[in-house]
Amino acid sequence: MILLAPMEGLLDFVLRDILTRVGGIDRCVSEFIRITDQLLPERVFTRIVPELLSGGRTFAGVPVRAQLLGSDPACMADNAERLASLGPAGIDLNFGCPANVVNRHGGGAALLREPETIYAIVAAVRRSVPAHMPVSAKMRLGYLDDSRAVECALAISQGGADEMVVHARTKAQAYRPPAYWERIADIRAAVKIPVIANGEIWTVDDARRCREISGCDSLMIGRGAVVDPGLGLAIKADMNKKVSNAVTWAQLLPSVLDFWHIVTTRLDNKAQAGRLKQWLNFLRRRYPEAEVAYQALKTINNPALVDAWLTGAMRGLPPQREILLPEPMTAKPIKLEPSMVSA
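All values derive from a computational prediction rather than experimental measurement. All residue numbers refer to positions counted from 1 along the written sequence of the respective chain. It should be noted that, the model being predicted, local features are given only for residues of pLDDT at least 70 and side-chain atom pairs only at 80 or more, the latter also being counted only at that level, while totals for whole chains, interfaces and linings use all residues. As a rule here, side-chain values cover all heavy atoms of the structure and leave hydrogens and water aside.

Engineer: Give a detailed account of the packing of helix H8 (residues 204-214) against helix H10 (residues 231-239), specifying residues and quantitative values.
Structural biologist: Geometry is summarised by axes, namely lines fitted to C-alpha atoms with helices restricted to the contacting stretch, and by angles between N-to-C directions that run from 0 to 180 degrees. By definition, any uninterrupted DSSP run of H or I lasting at least four residues is a helix, any uninterrupted run of E lasting at least two residues is a strand, and each is numbered from the N terminus. The interhelical angle for the contact between H8 and H10, taken along N-to-C directions, is 50°, at an axis separation of 9 Å. Judged on the interaxial angle alone, H10 and H8 are oblique. In terms of crossing hand, the pair formed by H8 and H10 is right-handed. In this structure, H8 uses Val204, Ala207, Arg208 and Arg211 to contact H10, whose residues at the interface are Leu231, Ala234, Ile235, Asp238 and Met239. Taken together, the residues of the contact of H8 with H10 sort by class into 6 nonpolar, no polar and 3 charged. We call two directions roughly parallel when the angle between them is under 35 degrees, roughly antiparallel when it is over 145, roughly perpendicular when it lies between 65 and 115, and oblique otherwise. Here is the rule for handedness: rotate from the far helix to the near one, and if that takes an anticlockwise turn smaller than a right angle the crossing is left-handed, while a clockwise turn gives right-handed. Contact definition: two residues touch when any of their heavy atoms are within 4.5 Å. Any residue outside Ala, Val, Leu, Ile, Met, Phe, Trp, Tyr, Cys, Pro, Asp, Glu, Lys and Arg is labelled polar, Gly included; the first ten of those are nonpolar and the last four are charged.

Engineer: Explain a negative patch on the surface to me, and be specific about the residues and the numbers.
Structural biologist: Negative charge collects at one region of the surface, where Asp37, Asp72, Asp78 and Glu81 lie side by side. Relative to the helices and strands, Asp72 resides in the loop between strand E3 (64-69) and helix H3 (73-84). Using a relative accessible area of 36% as the deciding quantity, one classes Asp72 as partly exposed. Only residues above 30% relative accessible area that lack a salt bridge enter a patch, with like-charged residues linked at up to 9 Å and the nonpolar side chains Val, Leu, Ile, Met, Phe, Trp and Tyr linked at up to 5 Å. The Shrake-Rupley method, run with a 1.4 Å probe, gives the accessible areas here. Residue values count only the displayed protein chains as cover. The working definition used for a salt bridge is a side-chain nitrogen of Lys or Arg within 4 Å of a carboxyl oxygen of Asp or Glu. By the counting scheme adopted, Arg and Lys are positive, Glu and Asp are negative, and His together with the chain ends is not counted. To locate a charge, take NZ of a lysine, CZ of an arginine, CG of an aspartate or CD of a glutamate. In this scheme, a residue with accessible area under 20% of its type's maximum is buried, one over 50% is exposed, and one in between is partly exposed, where area comes from a 1.4 Å probe on protein chains only.

Engineer: A description of the sheet that holds strand E4 (residues 91-95) should follow, citing residues and the corresponding values.
Structural biologist: Pairing between two strands is assigned when DSSP locates at least 2 bridges connecting them. Pairing is parallel in the closed barrel, where 8 strands are placed in the order E1-E2-E3-E4-E5-E6-E7-E8. Across the sheet, the axes of successive neighbouring strands diverge by a mean angle of 30°, strand direction being ignored. Bridge analysis of strand E7 (residues 195-198) against strand E8 (residues 219-221) gives 2 bridges, and the strand direction is parallel. Pairing of Ala197 across the sheet is with Leu219, part of E8. With respect to the sheet, helix H7 (residues 181-190) is in contact with strand E5 (135-140), strand E6 (163-167) and E7, its orientation differing from that of E7 by roughly 170°.

Everything listed here is a matter of geometry and, on its own, says nothing about what the molecule does.
The structure is reproduced here in structure tokens:
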């Protein structure tokens, strides 16, 4: 099984939609919903996880578990109960976010210093939601070091979670390579629930080595899938001893255009161009054509010009043309340089 990781500010509902359309992803976990000291209204859950309005699945039909982040067991339980009533594919609990702003308030990876609190949160959430609804958790190996990794994993397991994802680094190690997959094997040996390996999986070879070292059958991929949207398909083909053809730029470009169209209809105007550039910045590590697109669009923030460039790339238009911006922005045609409109 291949899961798509939650990544705050990057892997939101838009990119979940597009990456699951490409294929190779069996389940997603949403970016976290922050729980503090109150019961959140339903609109907060559906704003962060709009898939709740579509049966808890992406457009491609891939189930999405909604993730909660917080440190108060009772408040987490109350919000989990409300969230469960909205029909997610499950509820996930965040014990791994390394962001300082989260950790300062006792959430995310900071809880790895308090296995007893982890247990209390998991147990409270498990009691508050229907028995048929899966409860899972995502943890790192620790806060400053990994000395309590097994203890934290046992707290999750004994609290009643159905499975856990382990990101094979501590909070202090952040996202710096390497990932310590061998420590996931130690956790697997200690708990009785399924363990999913996560961290530093960029290629099929990485996935193969991670499975061998961790002993996990299932993997969670994050930045690797953002860079190479065909990674999930390639890993699954390798698992099944089959050869998978890479997803080419020509095959991916329609998905990039779909991504842009969702962004322009669902996100604030000021954030639209930035979201596209963010993804292109990742894609250019894998696709030379994405580098061309990134360089062409990096200084353009006008949605009409961005749309014109992408549409032109899709249609294979000549490398130079004029674009007339709609009123009231300007009535003068703006001429793009050849490098800005070539695919």
